[in-house]
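Inside the fold
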Amino acid sequence: MVFVNLFRESGKFRLGSIITLLLIVLALLHQPLVEWRIGNADPMKVGSFPIFLDPSGEHWLGTDRFGRDVVSLVLIALPISLTVAFLAGAISTTLGVVIGFVSGYKGGRIDAVLRTITDMFIVIPTLPLIIILAANTRNLGSVKLALVLAFFSWPVAARVIRSQVMSLRERPYIELSKMTNLSDREIIFGDILPNMAPYVAIGFAQASVGSAFALVGLTVLGLGPSSQMDLGRIISEALGYGVISLGKELIFVAPVVLLILLFLGLALVSQGMEEFFNPRLRGQV
Amino acid sequence: MMPATTAETQRAHRQGDAPLLEIENLAIHFRSPKGVARVVDGTTLTIHRNEIVGVAGESGSGKTTLVEALLQIVRFPNRETRGRVMFTTRAGQKVDLMQLGPRQMRRLRLDEIAYVPQGSMNSLNPVVRVGTQIVDGMVDHGVGEREARRRVPGILERVGLEPRVAKLYPHELSGGMKQRVIIAIAISMNPALIIADEPTTALDVNVQRRILETLSRLRDELGVAILMVSHDLPVHAQLVDRVAVMYAGQIVETGDVRSVVKTPLHPYAKGLMQAIPSITKPRERLEGIRGTTPSPFAWPDGCRFHNRCPYAMEVCANVPPFIAGVRAGQRETVDGVMDVQPGREVACHLYPESTPDAEATS
Amino acid sequence: MVAGNPPATVLDDEPAGPQLSAVPRKGALNPTARYILRRLGLYLITLWGSLSASFFFFRMLPGDPISGIIAQLQTRGQYSAIEGSQDMVEHYRREFGLDGSLGEQYVRYFQNVFTRFDFGPSVLSYPTASTDLILRALPWTLVLIGVSTLLGWLLGILLGTLTGWRRRSRWAEWVTNTALVFSHVPSYFVALVLIIFLAYRFSLLPANGAYDASLQPEWSLEFFLSVIKYATLPVLATVLVSLSGWMLSTRALVVSILGEDFLTFANAKGLTPRRILTSYVMRNAWLPQIAALGMALGSVVSGNVLIERLFRYPGVGNLLVDSVVIKDVNTAMAVVTLLIFMVLTINLIIDLCLPLIDPRVKFTS
């Protein structure tokens, strides 16, 4: 029910979640939509249609260099991009929550060590490392890709969670719980975690955006999973066969627009949530 | 020791002195979706040169809004003002502060009327040295930079700080020192009036006493008038000459501070006095004032205090009393028959001077 | 005369304030020096740690580098033999530093890197050393990153201050909303759009390389103009996005500062609006942004890789991608090492210089 309030009160959250949900729906419905556009043909099959057709009633965005209907290509690529981004987001959020939590709750030495590691990851340019890792891994499937991306984006969530846990730890009601001899575990699950839920959600949104960014970086360079077509790969291939100079930019407009919508949607969601849950960020009267 | 001496000098000052700030029927309303909040609703108060006047009241009485409005230090838009505030400038002109444009107001601030905010720990710019913060005010009011810097040690000494404090940053000072710096800034241009909003809140009692002593000394040495706002009656008792008690956006009682403390006339003032524990009197149960502060969106009809007043009469619920001078001498007051000193004013139907019919006939 | 205390002793029974205890005691290692040492130590450890990590990272990548190397060389006609003989393999092992145990390799590698800056031969243009390839590419990257980062930061905080200061005006809202959109779009996409419109549709600016192909690098005006022309689009793409980010964060800072007590008091002091804007608002808003610049450097570098690739700009990012694709481990590792070193060092410098400009930052342990 908190989310209902959030939806009602935060314009940013409203807009962001609508956009994101639309994308998800589009992805879920990709199968029937593809069938609607090109019947039973395999969207990835080369030569299904004449190459480089202009946009028409048949092919809303025309066809590409390999004679594939662009619209259906985009439709099957969307769910893959979304899956990888959200999967990576989930993994890195989980990692981040665990590490951030341990760091914030235990404090002391453990905290110092974990914090140093976290900071290291944030400061170091990870994209080059991701590129290298991806380039050298055989058979990079979606899951492995998500793991790779998550490995580099968990520090963001970790930091947020850590500071939240630390501030929660000092709150009076926690002290009270400690005094009444509740075990650590009970305190964690009963008092702290419920209050962290919004921040975990924010962390997830941000981690997903970060992963999506990195994903685009990778796939656009052509280093993504070769077995599947995702949005970045469409862009990369299109650039590869020189769409710009051929004047056929429309081919990668759709993936670019969808990706931008994804970034915007998730960013608005996370910002809306942040403003809602952190009253200090709300504009002053 | 100190208050007595000050009181005597005060009387001498006050009798001869010209009015400096004349608040005439000032009303400040805020328009909002919830309606109109009449935070200050018709107040009249005069401050003379060299005089220290206090405005006492709880939160919600409008006292802070009142003083903030004087210098247009307002945080909210949608403000409507009525009434006049006549201030006599250095040049001898009388200007209505409510009518001044932003540029004129800026020139007037610090130079003629200075402001000392609540003892907040955050009123100084954290990344600029203290000395520079004293200088920049002067420079922006026409003093040359070099001359301003030259004056800084003297100003610091006046408020009881060592000159070397000028080189420090605000975070290197204690709360009391910061407040003194702010007072130093306030006197830097030798203004005629200092407006102090809760200058001792958030400071511990010893520091409080020091600050009040400093303010009093400054009045004696520099001849500056002070308008102080505070919810804390003992603070008023230590510093001010005259006090005005504010309730629900209006002034309900004024008079010499010792007089008001000893013989409060208005039931609200009496309630405030009763709520202060005394060290000398025998221990007795403290009485609060029953009820809660009304909302500025809907002040009660008639006398605004009537629904909390133990002495309320029928007329109180219907007819608002005027603030009026009370004839001195043996009078029937809220505390029984007492000797009322001259110079008292009150807005309460217990005193016939306050009731409109009496006004019309007298 | 009231309680006539001479000023000197009025300095009260009040505690002297925290500043006296912060004055370093003679003899003891003062907190500042201790902090500097610790920070330096942290830097060296992080540097060593990440370099070692990347070393092992590369060494543990799947596949046999030697056969890959030989295959590369074969495709480039450097070798006509069908398969490498044992001697050849040994030869290349030594050449590329892959002989001996992992430990030996590790030690040898670090020795070479730190004493002779030798990262080993590259595969991209064997036998050119990786170091040389990097040195050739580095200036271009520095130009690109340097200019875009500084421009983006400067323009961003300026605009951010203005939109925060005048946040109720119409233009401020427009600019803010535009920035909101831009800040979430990868610079890559912006670059694509710019390329389509400015390079191809309207042929205004070039989108390939660092300078006109017909020119030779030299200290001439013509060359410089060409460099500027070719750098415009990449820089523009990066600046548009980074500017938006800085603008939004600065604006938020300014807005929160405007609500602070010391701003109210500055107003009550009758200071001129100009002084309030410069000494009170800007000085408080820009200081944290300087530190933030260091933190943002990591992502600046990452984003730059893609931009260089898109524009075929001959910087280290482009070099990285090329080397990764053909599995030129030495070059790739050298680039990564360089990038990590740059980011860590700049962060160190900013951290150490921060107390010089922000009086609130004290070296505390």
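All of these numbers come straight from a predicted model, not from anything done at the bench. (Residues numbered from 1 in each chain as written. Chains lettered and ligands numbered in written order. Predicted model: local features only at pLDDT ≥ 70, side-chain atom pairs only at ≥ 80, totals over all residues. Heavy atoms only, no water.)

Digging into the pairing of strand S3 (residues 52-56) of chain B
Residues and elements named next belong to chain B. Of all the 5 residues making up S3, 5 are buried; the element is thus mostly covered by neighbouring parts of the structure. Of the two faces of S3, the one lined by Ile 52, Gly 54 and Ala 56 and the one lined by Val 53 and Val 55 are each fully buried. Judged from the 5 bridges that link them, S3 and strand S8 (residues 225-230) form a sheet pairing that is parallel. Bridged to Val 53 within S8 is Leu 227. In this sheet, strand S9 (residues 242-247) lies alongside S3 in parallel orientation, the contact comprising 4 bridges. Counted as the bridge partner of Val 55 is Ala 244 from S9. (Buried < 20%, exposed > 50% of the residue type's maximum accessible area, 1.4 Å probe, protein only. Helix = DSSP H or I, 4+ residues; strand = E, 2+ residues; numbered from the N terminus. Pairing = 2+ DSSP bridges.)

Some thoughts on the packing of aromatic side chains
Applying the stated criterion across every chain, the model contains 8 aromatic pairs over all chains. Between A:Phe213 and A:Phe263 the ring centres are 4.4 Å apart and the planes differ by 45 degrees, which places this aromatic pair in the tilted class. Residue A:Phe213 is found in helix H9 (residues 184-220), and its partner A:Phe263 is found in helix H12 (residues 250-277); the two are separated by 50 residues along the sequence. Accessibility expressed as a relative area gives 31% for A:Phe213, which makes it partly exposed. Given a relative accessible area of 0%, A:Phe263 falls into the buried group. Ring geometry for B:Tyr247 against B:Phe305: centres 5.1 Å apart, planes inclined by 85 degrees, an arrangement best described as edge-to-face. Of this pair, B:Tyr247 sits in strand S9 while B:Phe305 sits in the loop between helix H10 (267-274) and helix H11 (314-318); the two residues are 58 residues apart in sequence, bridging distant segments of the chain. Looking at B:Phe305, the relative accessible area reads 2%, which means it is buried. Members of the aromatic cluster, each reached through a chain of ring pairs, are A:Phe213, A:Phe263 and C:Phe189. (Phe/Tyr/Trp six-rings, centres within 6.5 Å; stacked < 30°, edge-to-face > 60°.)

Topic: the interface of chain C and chain A
Facing 41 residues of chain C, the contacting portion of chain A comprises 37 residues. For the pairing of chain C and chain A, the buried interface totals around 3500 Å² over both sides, and the portion due to carbon and sulfur atoms is 81%. For the pair chain C and chain A, the interface holds 0 salt bridges. In this structure, the connection of chain C to chain A is made through 0 residue pairs in polar contact (both at pLDDT 80 or more). (Contact = heavy atoms within 4.5 Å. Buried area = accessible area lost by both parts, 1.4 Å probe. Salt bridge = Lys/Arg side-chain N within 4 Å of Asp/Glu carboxyl O. Polar contact = N/O pair within 3.5 Å; in protein donor to acceptor, adjacent residues only side chain to side chain.)

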